[in-house]
Structures are given as C-alpha cells and as structure tokens.
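Structural overview
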Amino acid sequence: MRVLIIENEIYLAQSIASKLGELGYQCDISSSIQDAFKGVAYDVVLLSTNISGQDIYPVIEAFRDAVVILMVSYISNDTVTKPLAAGAKDYILKPFMIEELIRKIEHFQEFNRLKLANETYKRYLDQHFKGVKITQDLDNVTPPVFIASNFQKYADRFAFDYAKTNGRELVYISLDNSSAFNEISKAPAAALLYITDFQSLKKADRKPFLELINARNVIVSSTDSVDVEGVQIIEIKSDSTVFEQGDILPIEDYVKYIVLNYQHKFPDTELSKKLGISRKSLWEKRKKYGIIKKK
C-alpha cells in the first residue's frame, strides 16, 4: 500500500513514515502542497491542515479516489468540518498513537474492499435477474411470508426486491445446510431472513422450523407447493415451464429439480421412465437429496 504524507514538520513526517514502513507500507513525504502533485497514485494520503498559507482543498480533490486522513492540531470548521465535506474521509488529532492511525487506515481498507465487493455483487444480481419479472405488490407483503415458485430465480428476485424496497439487508440461510436451524437461532431478532429450500425439509423438522421462525421477519422459498397455515403464501410461476433460456444445469441438479417439481404430478414409474432411470435409482436419488415424497 502506498502512502503520501503531506506534513511540513519533517521530523513528524519521517517518524510516521518510519513506523508505517516497518509495517510494510511504502511512504513518500511532501513538505508542501505543491510537492504533492507528482502524478503518482496513492492509496492513502495523510494531510496536515497546519501547513501555513497553503490551500489543502486541491489535494482533497486530486486524491479523491484515495483515503485522505486529515492530521489536525485542533478541531474546527476549517480544519475538520469543511475538509470532510469536501471529500476527506477522516481526521486524527495530533499528537496521536501510530496504532490509532493504523486502525483508521485498516478500517477504510476494509470499507473499500466491501464497497467494491458490494458493487460487484449488485452488477451480478442485476444481470442474473435480467428478464425475471415480479408482478406482486411488495407493499402488501408482511413477513413471515412463503414464496412457492417452480423456478428458484423468481423467488430470489422477490426476496431481493422486497429487501431493496424496504431498505433492508437480507441474511441468507439455506435449509439444505445442516446448521440452518442454528444459523436462524443466532441471527439478530430484527434481521430480515431469506430462507430457501423449504421443499427439502423433512416432515419431522417442519413443526420445529415453523416454531423457530414464529414472529420473525422471514421470507421462505420453496420450489414445491406450500401448505402452511397462518402465514402468507405467494405463488410465483415463471414463464418457462422448466428453466430460463440460456440456463444449463449439471445432470445431478437437473434430476433433483425434476424430482422436486414433478414427483407430485407423475407416478414413480412414469417419472423414472422420463428421467431414464430405474424406480430403485429414483428412490436412491430421493434419499441422496433428502427429498420427502408427499403421501
């Protein structure tokens, strides 16, 4: 990580650079604002507001993509409030412990990583949900709610749209995970949970599950029909009877999908014939995937 230290107190600047250098940071020092503009990209800029007679705002503007941390001797509108409004990220009061400066730098490093990851995931989801239309009125939905859809992507779109509309963040949990019940128990009481794969839950586990999510803010999705009393159930059917155009599933996922969504429509003899497997193999597939055939 490359750091620019703009400080006219040379001893202080050298001390900071030495300590940061020991931790693996590459540091440059400028004793004036003019010396700071060398066409070099920096990750962090430590900017003193005590450089007499020099305007710090061009630095803040020039290094807008970097983490600009103000080094101030006192707090005022001119040393802190206005520079922060102009784009500086934070400030630290002189004299300071180097550990406190490191904490601030690492905080913004992590913030920038999360920001980049969030933007990447958002672009991916926008592309992933392209062409998936949800017509339900999200304003009339009050969790807990169950979403029954023949295609998982439609339930996902509903959950993410609901969270966005209501300014909430989703906590994702799959019931395919053996630790799902524990994850639900440990989730914050006010969290909005998005729980998938309800169709994979064994009958014996359904009552404990419903008790666990009672009075919680949850959206539960299933690729099978849902028969649960006392909660709102929304059915969403995709335009495609099986998969979205362009989606190709692995053979195992395809078999699992067909068994989950068509076992209640066809007897085992016909379903196994359509899949090109024996009835024994079909039974083994159910056991492998934890699929319970409704009586």
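Everything discussed here concerns the structure shown above.
Residues numbered from 1 in each chain as written. Predicted model: local features only at pLDDT ≥ 70, side-chain atom pairs only at ≥ 80, totals over all residues. Heavy atoms only, no water.

Looking at the nonpolar core
As a rule of thumb, nonpolar side chains are buried together in soluble globular proteins. Condition: Here the nonpolar core consists of buried residues drawn from Ala, Val, Leu, Ile, Met, Phe, Trp, Tyr and Cys, with membership extended through side-chain atoms lying within 4.5 Å. A 1.4 Å probe rolled over the protein chains alone gives each residue an accessible area, and that area as a share of the maximum for its type sets the label: buried under 20%, exposed over 50%, partly exposed in between. Secondary structure follows DSSP: runs of H or I at least 4 residues long count as helices, runs of E at least 2 residues long count as strands, and numbering of each begins at the N terminus. The contact criterion used throughout is that any non-hydrogen atoms of two residues lie within 4.5 Å.
Counting residues in each nonpolar core, the largest one holds 29 residues, and the members touching the most others are Ile 147, Phe 158, Ile 219, Ile 234, Ile 236 and Leu 275. Listing elements by their share of this core, those giving two or more residues are β6 (145-149), α5 (152-165), β8 (192-196), β10 (232-236), α8 (251-262), α9 (268-275) and α10 (279-289). Excluding anything up to four places from it in sequence, Leu 275 contacts Tyr 254, Val 255, Ile 258, Val 259 and Leu 282. Within the second largest apolar cluster, 19 residues are counted, among which are Val 3, Ala 13, Met 71 and Leu 101.

Here's the deal with the pattern of salt bridges
Side-chain pairs of opposite charge can arise whenever the charged atoms involved come near each other. Defined as follows: Any carboxyl oxygen of Asp or Glu within 4 Å of a side-chain nitrogen of Lys or Arg constitutes a salt bridge here.
Applying the stated criterion across every chain, the model contains 12 salt bridges. A salt bridge links Glu 7 to Lys 94; its shortest N-O distance comes to 2.7 Å. Of this pair, Glu 7 sits in the loop between β1 (2-6) and α1 (10-22) while Lys 94 sits in the loop between β5 (90-93) and α4 (98-128); the two residues are 87 residues apart in sequence, bridging distant segments of the chain. One exposure class covers both Glu 7 and Lys 94, and it is buried. Linking Arg 64 and Glu 61 is a salt bridge whose minimum nitrogen-to-oxygen distance equals 2.8 Å.

Quick look at the packing of aromatic side chains
This is how it is decided: Between the rings of Phe, Tyr and Trp (Trp by its six-membered ring), a pair exists once the centres lie within 6.5 Å; its type follows the angle of the planes, with under 30 degrees stacked, over 60 edge-to-face, and the other angles tilted.
Evaluation of the coordinates by the stated rule reveals 9 aromatic pairs. With a centroid separation of 5.2 Å and an interplanar angle of 80°, the aromatic rings of Phe 146 and Phe 198 are classed as edge-to-face. Of this pair, Phe 146 sits in strand β6 while Phe 198 is found in the loop between β8 and α7 (203-212), placing the two residues 52 residues apart along the sequence. Residue Phe 146 shares its accessibility class with Phe 198, and that shared class is buried.

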